[in-house]
Amino acid sequence: MDISGYSGKQVAALMAESPSEELLAACRADGRKSVQQLVRRYEREQQERARVAALYKYENEAAKAGFELVAGVDEAGRGPLAGPVSVAAVILPRDCFIPHLNDSKKLSAKVRDELYDIIKEKALAVSSVLIDAQTIDRVNIYQATMNGMYDAIFGLEKEPQQVLIDAVELANLPMPSLSIIKGDAKSASIAAASIIAKVTRDRLMEQYDALYPQYGFARHKGYGTAEHIAALRQYGPCPIHRLSFEPVKSIAQAQQQEVPF
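Residues numbered from 1 in each chain as written. Predicted model: local features only at pLDDT ≥ 70, side-chain atom pairs only at ≥ 80, totals over all residues. Heavy atoms only, no water.

Enquirer: Help me out: how do you make sense of the sheet that holds strand β1 (residues 70-76) in this one?
Expert: For sheets, the rule is that strands pair by backbone hydrogen bonds, running either parallel or antiparallel. Reading across the sheet, the five strands line up as β3-β2-β1-β4-β5 and stay open at both edges, with mixed pairing between neighbours. Of all strands in the sheet, those with a lone pairing partner are β3 (125-131) and β5 (177-180), marking the two edges. For this sheet, the mean inter-axis angle between neighbouring strands, taken without regard to orientation, is 20°. In this structure, strand β4 (residues 162-166) lies alongside β5, joined through four bridges in parallel fashion. Residue pairing for β5: Leu164 is matched across the bridge by Leu178. (Pairing = 2+ DSSP bridges. Helix = DSSP H or I, 4+ residues; strand = E, 2+ residues; numbered from the N terminus. Axes fitted to C-alpha atoms, helices over the stretch in contact; angles between N-to-C directions.)

Below, the structure is given as structure tokens:
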């Protein structure tokens, strides 16, 4: 195929469709910088499509077993000293291509925010739940997370036929489920849930920053950074701190002992 008579725009239009191997070979042999850029962009896109397609391994296995509606479940915020734990459940259409879809921890805040909107738009169903610090203190973080996962699953507008869960096992679901270690990096549905959970929690912690600006919640999102612990020692815990977590517990107890009679 001879593309020497084609302008850069014409080649781009051809590449934007489903390019044949003949066209790709002609483009690779073309010496124009603009055409080489088109080839590199196409190859990057194909690599990304292959990476995202691999994330549907568990969803495809579920489909082969007759389960079309598969929910992924994940949490964000089990480790922080303040704020809620956030849990999300997401059902994606089969083979839904969402560029950059990945474990939320591997993405920048900007990309997570962009993907949050895309997932909300493309998902068949999305459910998110927040479990506050008081509940975490009462039942412990593990139980609070499990309770949140059940609530998120049962809150989906469409009932899933199978559930994929990041690491945690949920024994009391009425449908089949599979616990996957590091599932947010292995399953498209769990990765999507991890992004929904993370962005939901981060946005809430930014709101809490306006209420309690002395702690720096917008920067560290409640995690135990040196800045956060220094503020805790200076100001003591606020209403969203987890009083059962160290060093919050020790700092609160020490400050209570310092109160004069």
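Enquirer: Looking at this model, I keep getting lost on the layout of surface pockets. Mind explaining?
Expert: Rolled over the atoms, a probe sized like a water molecule indicates the empty space that remains. The volume enclosed by the largest pocket comes to roughly 180 Å³. Forming the walls of the largest pocket are Asp74, Glu75, Ala76, Gly77, Arg78, Ser104, Lys105, Asp166, Asp184, Ser194, Lys198 and Tyr223. Among the elements of the structure, β1 and α8 (188-211) are those that each provide at least two residues to the lining of the largest pocket. With three residues, the top contributor of residues to the lining of the largest pocket is β1. Split into classes, the residues belonging to the lining of the largest pocket amount to two nonpolar, three polar and seven charged. (1 Å grid on protein atoms, 1.4 Å probe; cavity = no way out; pocket = protein on both sides within 12 Å on 5 of 7 lines; lining within 4 Å. Points joined across faces, edges and corners; volume = space filled by probe spheres on them. Nonpolar A, V, L, I, M, F, W, Y, C, P; charged D, E, K, R; others polar.)

Enquirer: Help me understand helix α2 (residues 21-29), please; the structure alone is not making it clear to me.
Expert: Count 3.6 residues to each turn of an α-helix, and residues three or four apart come out pointing the same way. Every buried residue belonging to α2 is among Leu23, Leu24, Ala26 and Cys27, and all of these are buried. For α2, the angular spread of the buried residues around the axis is 160°, confining them to a single face. Residues of α2 that are exposed and angled more than 90 degrees away from the buried face: Glu21 and Ala29. (Buried < 20%, exposed > 50% of the residue type's maximum accessible area, 1.4 Å probe, protein only. Arc of directions from axis to C-beta.)

Enquirer: Please explain the nonpolar core as it appears in this structure.
Expert: Most often, soluble globular proteins keep nonpolar side chains buried together rather than apart. In terms of nonpolar packing, the biggest core is built from 30 residues, with Val73, Ile136, Met149, Val163, Ile165, Leu170 and Leu173 touching the most fellow members. Among the secondary structure elements, those contributing two or more residues to this core are β1, β2 (85-91), β3, α7 (141-154), β4, α10 (226-235) and α11 (248-258). A total of seven residues in this core trace back to one element, the largest contributor, which is α7. Formed by 23 residues, the second largest nonpolar core is a distinct cluster that contains Tyr56, Ala76, Val90 and Ala197. (Core = buried A, V, L, I, M, F, W, Y, C linked by side-chain atoms within 4.5 Å.)

Enquirer: Explain helix α3 (residues 33-54) here, please?
Expert: Over its 22 residues, α3 runs 32 Å from end to end, which matches the ideal 32 Å to within 8%, given 1.5 Å per residue. Within the sequence span of α3, burial applies to Val35, Leu38, Val39, Tyr42, Glu48 and Val52. Looking at the buried residues of α3, the elements they touch are α1 (8-16) and α2. (Expected span 1.5 Å × (residues − 1). Contact = heavy atoms within 4.5 Å.)

Enquirer: What exactly am I supposed to notice about the pattern of salt bridges here?
Expert: For side chains of opposite charge, pairing can occur when their charged atoms come near one another. Counted under the stated rule, the structure contains ten salt bridges. Here Glu48 ties to Arg51 by a salt bridge, and the two come within 2.7 Å at their closest N and O atoms. Taken together, the positions of Glu48 and Arg51, both in helix α3 and three residues apart, correspond to about one turn of that helix. Among the residues examined, Glu48 registers a relative accessible area of 16% and is labelled buried. Taken together, the salt bridges that share partners define one network made up of Asp103, Lys105 and Asp184. (Salt bridge = Lys/Arg side-chain N within 4 Å of Asp/Glu carboxyl O.)

Enquirer: For this particular structure, what's the right way to read the packing of α10 against α11?
Expert: Axis angle and axis distance: for two packed helices, these are the angle between their axes and the distance between the axes, and together they describe the pair. Where α10 contacts α11, the axes come no closer than 9 Å and their chain directions differ by 20°. Taken together, the axis directions place α10 and α11 in an arrangement best described as roughly parallel. The way α10 lies across α11 gives a crossing that is right-handed. Here Ile229, Leu232, Arg233 and Tyr235 of α10 lie close against α11, whose contacting residues are Val248, Ile251 and Gln255. Among the residues making up the contact of α10 with α11, the classes are represented as five nonpolar, one polar and one charged. (Parallel < 35°, antiparallel > 145°, perpendicular 65-115°, else oblique. Left-handed = near helix turned anticlockwise from the far one by under 90°.)

Enquirer: Is there a simple way to explain the pairing of β1 in this structure?
Expert: Moving residue by residue along a regular strand, the side chains alternate between the two faces of the sheet. When you tally the buried positions in β1, you get seven out of seven residues, the bulk of the element. Alternating residues of β1 divide into Val70, Gly72, Asp74 and Ala76 and Ala71, Val73 and Glu75, and every residue in both groups is buried. Strand direction decides the pairing type here: β1 and β4, joined by four bridges, are parallel. Each bridged residue has a counterpart across the sheet, and for Val73 the counterpart in β4 is Ile165. Here β1 pairs with β2 via six bridges, running antiparallel. Residue pairing for β2: Gly72 is matched across the bridge by Val90.

Enquirer: When you look at the side chain of Asp184 in this model, what are you seeing that I'm missing?
Expert: Mapped onto the secondary structure, Asp184 falls in the loop between β5 and α8. For Asp184, the contacting residues outside a window of four places in its chain are Asp74, Asn102, Asp103, Lys105, Asp166, Ile190, Ala191 and Ser194.

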